[in-house]
Amino acid sequence: MTIAEPDDRWSELGRQACVTLAPLFTAVEHVGSTAVPGLAAKPVIDLMAALDELAEVNDPALQSLGYRLQPTDMPERLFYRREDYDSTAYHLHVVTAESWPTRNERLLRDHLLAYPEARDRYGALKRELMDRYGPGDAYTRGKTRLIQELTDAARAERGLPPVPVWEE
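Residues numbered from 1 in each chain as written. Predicted model: local features only at pLDDT ≥ 70, side-chain atom pairs only at ≥ 80, totals over all residues. Heavy atoms only, no water.

J.: Honestly, the nonpolar core in this entry has me stumped. Any pointers?
T.: Soluble globular proteins tend to pack their nonpolar side chains together in the buried interior. Of all hydrophobic cores here, the largest spans 21 residues; its most connected members are Phe-25, Leu-47, Tyr-67 and Leu-92. Only α1 (9-21), β2 (44-51), β4 (78-83) and β5 (89-96) provide two or more residues apiece to this core. Ranked by residue count, the leading element in this core is α1, at five residues. When residues no more than four places from it in sequence are discounted, the contact partners of Phe-25 are Ala-49, Ala-50, Leu-51, Val-57, Leu-62, Leu-92 and Val-94. Leu-39, Leu-108, Leu-125 and Met-130 belong to the second-largest nonpolar core, a separate cluster that totals 16 residues. (Core = buried A, V, L, I, M, F, W, Y, C linked by side-chain atoms within 4.5 Å. Buried < 20%, exposed > 50% of the residue type's maximum accessible area, 1.4 Å probe, protein only. Helix = DSSP H or I, 4+ residues; strand = E, 2+ residues; numbered from the N terminus. Contact = heavy atoms within 4.5 Å.)

Set out below in structure tokens:
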């Protein structure tokens, strides 16, 4: 997978996915790079949804929509993946409603939407890392410092303490 130029379809795909998933969750939003107009991204529609308890997830309903549970080492989160017919991937992160207001993914998205210069810095870094390393761990690790900086700024604006981006 590679970094794609911003695609106007991403926001609509994210909106449609949120509408479809809304009856299953207390909240659902399009997060991640494809949720930020003008930001280059891997063609993955990242979604975050909340429930009071993770055990409340309606797995059969998600399966009927093409979402498959994937094992991860992410605590306090369930991760589902769906591959669309046009090779657009959907990642669904299910978290608790209690943690919803302070999720780094939501805060980072909002920060990138509010600060175009931060969006452009992040986009340039992603392109540079993909050119240098291709997809994989080196690409992901290379983004960590800037993601942490931007997330810390977003948390500070809301009076929230910093939280390591990979230890949620």
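J.: Sorry, what's going on with the pattern of salt bridges here?
T.: Opposite charge on two side chains lets them pair, provided their charged atoms get close. Scanning all chains against the criterion turns up twelve salt bridges. Here Asp-110 makes a salt bridge to Arg-109, at a shortest N to O gap of 2.9 Å. The class of Arg-109 is buried, set by a relative accessible area of 10%. For Glu-149, the salt bridge identified is with Arg-121, shortest N-O distance 2.8 Å. Placement of the pair is Glu-149 in helix α5 (residues 137-157) and Arg-121 in helix α4 (residues 116-133), with a sequence separation of 28 residues. The exposure class of Arg-121 is partly exposed, given its relative accessible area of 43%. Shared partners join several salt bridges into a network, and the residues in it are Glu-29, Arg-106, Arg-109, Asp-110 and Arg-158. (Salt bridge = Lys/Arg side-chain N within 4 Å of Asp/Glu carboxyl O.)

J.: Is there a simple way to think about the environment of His-91 in this case?
T.: Looking at where His-91 falls in the secondary structure, it is placed in strand β5. As a C-alpha pair, His-91 and Arg-141 span 50 residues in sequence and 19 Å in three-dimensional space. If sequence neighbours within four positions are ignored, His-91 has contacts with Val-44, Ile-45, Asp-46, Leu-47, Phe-79, Tyr-80 and Arg-81.

J.: Mind showing me how you'd approach the packing of aromatic side chains here?
T.: How two aromatic rings sit relative to each other is set out by the distance from centre to centre and by the angle between their planes. Counted under the stated rule, the structure contains zero aromatic pairs. The ring of Tyr-90 carries the charged tip of Arg-82 above its face, separated from the ring centre by 4.0 Å. (Phe/Tyr/Trp six-rings, centres within 6.5 Å; stacked < 30°, edge-to-face > 60°. Lys NZ or Arg CZ within 6 Å of the ring centre and 35° of its normal.)

J.: Help me understand the side chain of Ser-33 in this model?
T.: Within the fold, Ser-33 resides in the loop between β1 (27-31) and β2. Setting aside its immediate chain neighbours within four residues, Ser-33 contacts Leu-39, Ala-40, Ala-41, Tyr-122 and Lys-126.

J.: Please clarify how a negative patch on the surface should be interpreted in this entry.
T.: There is a patch of like negative charges on the surface, built from Asp-52, Glu-53, Glu-56, Glu-76 and Glu-98. Examined against the element boundaries, Asp-52 turns out to sit in the loop between β2 and α2 (59-64). Given the relative accessible area of 48%, Asp-52 is considered partly exposed. (Patch = residues over 30% accessible without salt bridge, like charges linked within 9 Å, V, L, I, M, F, W, Y side chains within 5 Å. Areas by Shrake-Rupley, 256 points an atom, 1.4 Å probe, with all protein chains shown as cover. Lys, Arg positive; Asp, Glu negative; His and termini not counted. Charge placed at Lys NZ, Arg CZ, Asp CG, Glu CD.)

J.: Would you explain the pairing of β2 in this entry?
T.: The two faces of the sheet receive side chains in turn, since in a regular strand these alternate between them. Buried residues dominate β2, accounting for eight of its eight residues. Inspection of the sheet shows β1 paired to β2 by five bridges, in the antiparallel sense. Counterpart to Val-28 in the pairing with β2 is Ala-49. Looking at chain direction, β2 and β5 are connected through eight bridges and run parallel. Note that in β5 the partner of Ala-50 across the bridge is Val-95. (Pairing = 2+ DSSP bridges.)

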